[in-house]
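# Coordinates in review
If you want the building blocks of each chain, they are given just below.
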Amino acid sequence: MNYSEYNASTANEIKNLFIKTFSDSEGEEEGLVIGELVNNILFNTDNFYCFVATDNDKIIGSVFFTELTLNNTKASLLSPMATLTEYQGKGFGQELINFGINTLKNNGTELVMTYGDINFYSKVGFSLVSEKVIKAPYKLSYPEGWLGKSLISNNISPIAEKPQCAEAFHESIW
């Protein structure tokens, strides 16, 4: 398995990966919603990272990190993340996330937040973050899904301001 930053020439392959993965797990409608989110990040968002996992030149996983604006803290939002169904449960998604986080850490990112399954993201060091510590950018259906990982310490310090995320998320999965 190889892990790298994405190449712009693979944008459609990445979008199709998300559509297929989310359609398999959540239904076709959700797959199309996430596919549109990916498209908006790739073509309408500044300041993002996209990493891919490839197996024999086939993209089998991808993860996005977009800027999360917080006063005096360089932060990113990890979302969305997908691994093709047939590759899930083998640790490739975790390795891909760790590859991305290490790149962000080397570029000065201090904090990564996500909204997802604690059972999965805890395997790569994320923990539950109360909205009393850091507010979510939008109202959450499942507050127990607001997760974070400090890249500079063992604890996440409270931040009073409400974070702002990339425009692509304004009409999306929240």
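Description of the structure in this document.

Rules and cut-offs
- The numbering scheme is per chain: residues are counted from 1 as the chain's sequence reads.
- Local features are withheld for residues below a pLDDT of 70 in this predicted model, meaning they are given only at 70 or higher, and side-chain atom pairs are given and counted only at 80 or more; totals for whole chains, interfaces and linings count all residues.
- Values shown for side chains rest on all heavy atoms present in the structure; no hydrogens or waters enter the calculation.
- Think of it in three bands: with a 1.4 Å probe and only protein chains considered, a residue is buried below 20% of the maximum accessible area for its type, exposed above 50%, and partly exposed in between.
- Only DSSP runs of H or I covering at least 4 residues are called helices, and only runs of E covering at least 2 are called strands; the numbering of each starts at the N terminus.
- Any two strands with at least two DSSP-identified bridges between them are counted as paired.
- A pocket here means an open set of points on a 1 Å grid, computed over the protein atoms alone, that has protein on both sides within 12 Å along at least five of seven lines. A cavity is instead a set of points where a 1.4 Å probe fits but cannot get out; residues with an atom within 4 Å of a point line either one.
- Grid points are joined across faces, edges and corners, and a volume is the space filled by probe spheres set on the points.
- Lys, Arg, Asp and Glu make up the charged group, whereas Ala, Val, Leu, Ile, Met, Phe, Trp, Tyr, Cys and Pro make up the nonpolar group; the residues left over, Gly among them, are polar.

For the rest of this paragraph, the subject is the pairing of strand β7 (residues 146-150). Burial of β7 is extensive: 5 of the 5 residues sit out of reach of the surface. In this sheet, β7 lies alongside strand β5 (residues 111-115) in antiparallel orientation, the contact comprising 5 bridges. When the sheet's bridge partners are listed, Leu111 is paired in β7 with Ser150. Where strand β6 (residues 127-128) and β7 come together, 2 bridges link them in antiparallel fashion. For Ser127, the partnering residue across the bridge sits in β7 and is Gly148.

Time to look at the layout of surface pockets. One number sums up the size of the largest pocket: a volume of about 930 Å³. Lining of the largest pocket is provided by 32 residues; of these, Phe22, Glu26, Met81, Asp117 and Tyr121 occupy positions nearest its centre. The dominant element in the lining of the largest pocket, judged by the number of residues it contributes, is strand β4 (residues 73-83), at 6 residues. Split into classes, the residues belonging to the lining of the largest pocket amount to 14 nonpolar, 12 polar and 6 charged. Of the volumes computed, that of the second largest pocket is approximately 210 Å³. Residue lining of the second largest pocket: 15 residues in total, with Asn47, Glu67, Lys74, Ala75 and Ser76 positioned closest to the centre. Elements that contribute at least two residues to the lining of the second largest pocket include exactly β2 (48-55), β3 (58-70) and β4.

Read these as spatial facts, not as claims about activity.
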